[in-house]
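# Report on the structure
Below are the chains, spelled out letter by letter.
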Amino acid sequence: MTALAVLTGHYLRASFGSKVSLAFGAVQPFLFLVLFGPLFARSGVGSWAVLVPGLLVQLALTSAGMAGFGIVFDQRFGVLERLRVAPVSPVTLLLGRVLRDSLVLLVQAIAIIVAGYALGLRAPLPGVLAALLLMTVLSVGMASLSYAAALTMRQELFAPVMSTVVVPLMLLSGALLPMSLAPAWLDVASRLTPFRYAVEGLRALFSGSYGASAVLWGVVVSLALAIGGLALGANRFRWEKA
């Protein structure tokens, strides 16, 4: 636990020490909120309580999904080579990074929600807090998978591959527009991705429907993604230390 706290604190100081990079990670969903949000709210398709949860999942996909960039640079500059002889378990090495990514994402998500309230979002506070917890679980899984991918593929392939994967996942999740508007084949394809359930769960929480089946599915799928991602990521870190 001491090693985990030290590693997490080290990564957090590095992240929060650069205010520009911290803000830059939330630029894309913030632009969607400001430039697309007013059109969305007036279109009759949905409300701010529909759009903002979708943007939180977009934030998780784009920020946590690209978290593996850190490992790419560590590989390039020999940091991972030094970590191989460190008396720290592979799980701790992974969790230190993932906890940092989740906390940074949480701060960015709170900023998006505050901006949403300023623009017209009306959502119950308990639902928003529960949604932030659910999004944090989702980000743990996504960041872990990102690190596993970065440790598996060649360094120069990580950025183009992850960018190619993240965009369709975001569109299929229904983050920007509810998938109830989609044709049948697209709706079926959307249900094969875990992020569709996270989006619907967050939207149910923002609407105050705490007992909805969408919340249960969102929790179950996000937990499964987090557990699977941590297991896969820890296995890749273990291989690196072997």
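Below, the structure is looked at part by part. (Residues numbered from 1 in each chain as written. Predicted model: local features only at pLDDT ≥ 70, side-chain atom pairs only at ≥ 80, totals over all residues. Heavy atoms only, no water.)

## Quick notes on the overall build of the protein
What counts is decided by this rule: Helix and strand definitions follow DSSP, with helices as H or I runs of at least four residues and strands as E runs of at least two, each counted in order from the N terminus. Whether a residue is buried, partly exposed or exposed follows from its accessible area with a 1.4 Å probe, protein chains only, as a fraction of its type maximum: under 20%, in between, or over 50%, in that order. Should any heavy atoms of two residues lie within 4.5 Å, those residues are considered in contact. Per-residue accessibility takes into account occlusion by the displayed protein chains alone, with areas from the Shrake-Rupley method and a 1.4 Å probe.
Looking only at helices and strands, the protein features 12 helices and 0 strands. When the helices and strands of the protein are listed from N to C terminus, the series reads α-α-α-α-α-α-α-α-α-α-α-α. Per-residue burial over the protein gives 48% buried out of 242 residues. Counting only contacts in the protein whose residues sit at least 6 apart along the sequence, the fraction spanning at least 24 positions is 79%. For the protein, the computed accessible surface area is about 11,400 Å², with 74% contributed by carbon and sulfur atoms.

## Describing the side chain of serine 139
Operational definition: The definition of a polar contact used here is a pair of N or O atoms within 3.5 Å, where within protein one atom must be able to donate a hydrogen and the other to accept one, and adjacent residues in sequence count solely through side-chain atom pairs.
Considering the arrangement of structural elements, one finds serine 139 in helix H8 (residues 125-152). Given a relative accessible area of 1%, serine 139 falls into the buried group. Within the structure, the side chain of serine 139 is placed 2.7 Å from the backbone oxygen of threonine 136, a separation counted as a polar contact. If near-sequence neighbours (up to four positions away) are discounted, serine 139 is found in contact with Ala64, Ser102 and Leu105.

## Notes on the packing of helix H7 (residues 90-119) against H8
The line we're drawing: The axes are straight lines fitted to the C-alpha atoms, using for helices just the contacting stretch, and the angles between their N-to-C directions are given from 0 to 180°. Angles are sorted into four bins: roughly parallel if under 35 degrees, roughly antiparallel if over 145, roughly perpendicular if 65 to 115, and oblique for all others. Here a crossing is taken to be left-handed if its near helix is turned anticlockwise relative to the far helix by less than a right angle, and right-handed if that turn runs clockwise. Amino acids are sorted into nonpolar (Ala, Val, Leu, Ile, Met, Phe, Trp, Tyr, Cys and Pro), charged (Asp, Glu, Lys and Arg) and polar (every other residue, Gly among them).
Following both chains from N to C, one finds H7 and H8 inclined at 140 degrees, their axes separated by 9 Å at the closest point. What the angle tells us is that H7 and H8 run oblique. Crossing hand, H7 versus H8: right-handed. On H8, the residues touching Leu94, Arg97, Val98, Arg100, Asp101, Ser102, Leu105, Leu106, Ala109, Ile110, Ile113 and Tyr117 of H7 are Val128, Leu132, Met135, Thr136, Ser139, Val140, Ala143, Ser144 and Tyr147. Looking at the contact of H7 with H8 residue by residue, the class counts come to 14 nonpolar, 4 polar and 3 charged.

Function cannot be read off these values alone, since they describe shape.
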